Amino acid sequence: MAHPSQLGFQDAASPIMEELLHFHDHALMAVFLISTLVLYIITIMMTTNLTNTSAMDAQEIEMVWTIMPAIILIVIALPSLRILYLMDEINDPYLTVKAIGHQWYWSYEFTNYEDLMFDSYMMPTQDLSPGQFRLLEVDNRMVVPMESPIRMLISAEDVLHSWAIPSMGIKTDAIPGRLNQTTFIASRPGVFYGQCSEICGANHSFMPIVVESTKLNHFQEWSSSMLET
């Protein structure tokens, strides 16, 4: 959960988000080194009147500032491609959940169960209990078992939406007439919040997403109680 004046990302709640945080730090170091070198060269050029004639036309320097950017791009691109393929990898999911975006709420269908489906609306401010978050809490959370691969099938009923949970590194567009797919593994128990990340209309900012990760036996109890109701 993000907090006021937070400068970094939320704590990772999935292996993919951990990889994204590592890649962010890796790319940031490359950007920091490049910025430091460029700032140093600009400072030297502005504070000295001396010009080295051998630096005006030298094949060695031309090769260095041609090859170095290519090496830096490769160093950044290879980890990026690795994470991209990891995010698309789906291997024997334990549970498949279909999320459908509406104006302006989400509905969920647990396809492993015959009749487990429900709508998830944002709770009005006057109905919140102490400790619940305004504009982020919903009446029906999507409960999933922790440390289990979950496959998400995401679509929309009317306009473009986007199913996004920052702490899990998930952001997948919900497009009418199209079924997008993503996967995640909740690495720890907890409640993780997200919102629709697509400008989908007047109430775009009132489509919260709440995923509750719990132990397998608690998930089975929750699913049984939902099927009974």
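Everything in this summary refers to the structure shown in the same document. (Residues numbered from 1 in each chain as written. Predicted model: local features only at pLDDT ≥ 70, side-chain atom pairs only at ≥ 80, totals over all residues. Heavy atoms only, no water.)

Quick look at the overall build of the protein chain now. Within the protein chain one finds three helices and ten strands. Put simply, the protein chain runs from its N terminus to its C terminus through helices and strands in the order α-α-β-β-β-β-β-β-β-β-β-β-α. Relative to a compact globule of 229 residues, whose C-alpha radius of gyration would be 17 Å, the protein chain shows 24 Å and is clearly more extended. Seen through its C-alpha atoms, the protein chain measures out along the principal axes to roughly 85 × 40 × 35 Å. In the protein chain, buried positions account for 32% of the 229 residues. Sequence separation of 24 or more characterises 64% of the internal contacts of the protein chain that already satisfy a separation of 6 or more. Here the protein chain has roughly 14,300 Å² of accessible surface; of this, 60% comes from carbon and sulfur atoms. Here the protein chain carries 9 positive and 25 negative side-chain charges, and the mean point of each set is 3 Å from the other. (Helix = DSSP H or I, 4+ residues; strand = E, 2+ residues; numbered from the N terminus. Rg over C-alpha atoms; globule rule 2.2 N^0.38 Å. Buried < 20%, exposed > 50% of the residue type's maximum accessible area, 1.4 Å probe, protein only. Contact = heavy atoms within 4.5 Å. Areas by Shrake-Rupley, 256 points an atom, 1.4 Å probe, with all protein chains shown as cover. Lys, Arg positive; Asp, Glu negative; His and termini not counted. Charge placed at Lys NZ, Arg CZ, Asp CG, Glu CD.)

Locating Ser 223 in the fold gives a position in helix α3 (residues 216–228). Judged by its relative accessible area of 3%, Ser 223 is buried. Apart from residues no more than four positions distant in its own chain, Ser 223 is found in contact with Tyr 113 and Leu 116.

So, on to helix α1 (residues 15–47). Here α1 contains 33 residues, and its C-alpha end-to-end distance of 48 Å stays within 8% of the 48 Å for a straight helix at 1.5 Å per residue. On its buried side, α1 packs onto α2 (59–88). (Expected span 1.5 Å × (residues − 1).)

For the coordinates displayed, the defined rule picks out zero disulfides. No disulfide involves Cys 196; its nearest neighbouring cysteine sulfur is the one of Cys 200, lying 3.9 Å away. (Disulfide = S-S within 2.5 Å.)

Tallied over the full model, the rule gives nine aromatic pairs. Taking the centre distance of 5.3 Å and the plane angle of 80° together, the rings of Phe 133 and Tyr 193 count as edge-to-face. Here the residue Phe 133 occupies a position in the loop between β3 (117–120) and β4 (142–145), and Tyr 193 occupies one in strand β9 (residues 190–196), the gap between them amounting to 60 residues. For Tyr 193, a relative accessible area of 10% corresponds to the buried category. (Phe/Tyr/Trp six-rings, centres within 6.5 Å; stacked < 30°, edge-to-face > 60°.)

With that settled, the discussion passes to the pattern of salt bridges. The final tally for this structure, using the stated rule, is four salt bridges. Across the salt bridge formed by Glu 212 and Arg 141, the nearest N and O atoms sit 3.4 Å from each other. One end of the pair, Glu 212, is in strand β10 (residues 208–214); the other, Arg 141, is in the loop between β3 and β4, with 71 residues separating them in the sequence. Here Glu 212 falls in the partly exposed class, since its relative accessible area comes to 25%. Residue class for Arg 141 comes out partly exposed when judged on its relative accessible area of 25%. In the salt-bridge network here, residues are joined through shared partners; they are Glu 137, Arg 141 and Glu 212. (Salt bridge = Lys/Arg side-chain N within 4 Å of Asp/Glu carboxyl O.)

That is the geometry; function is a separate question.
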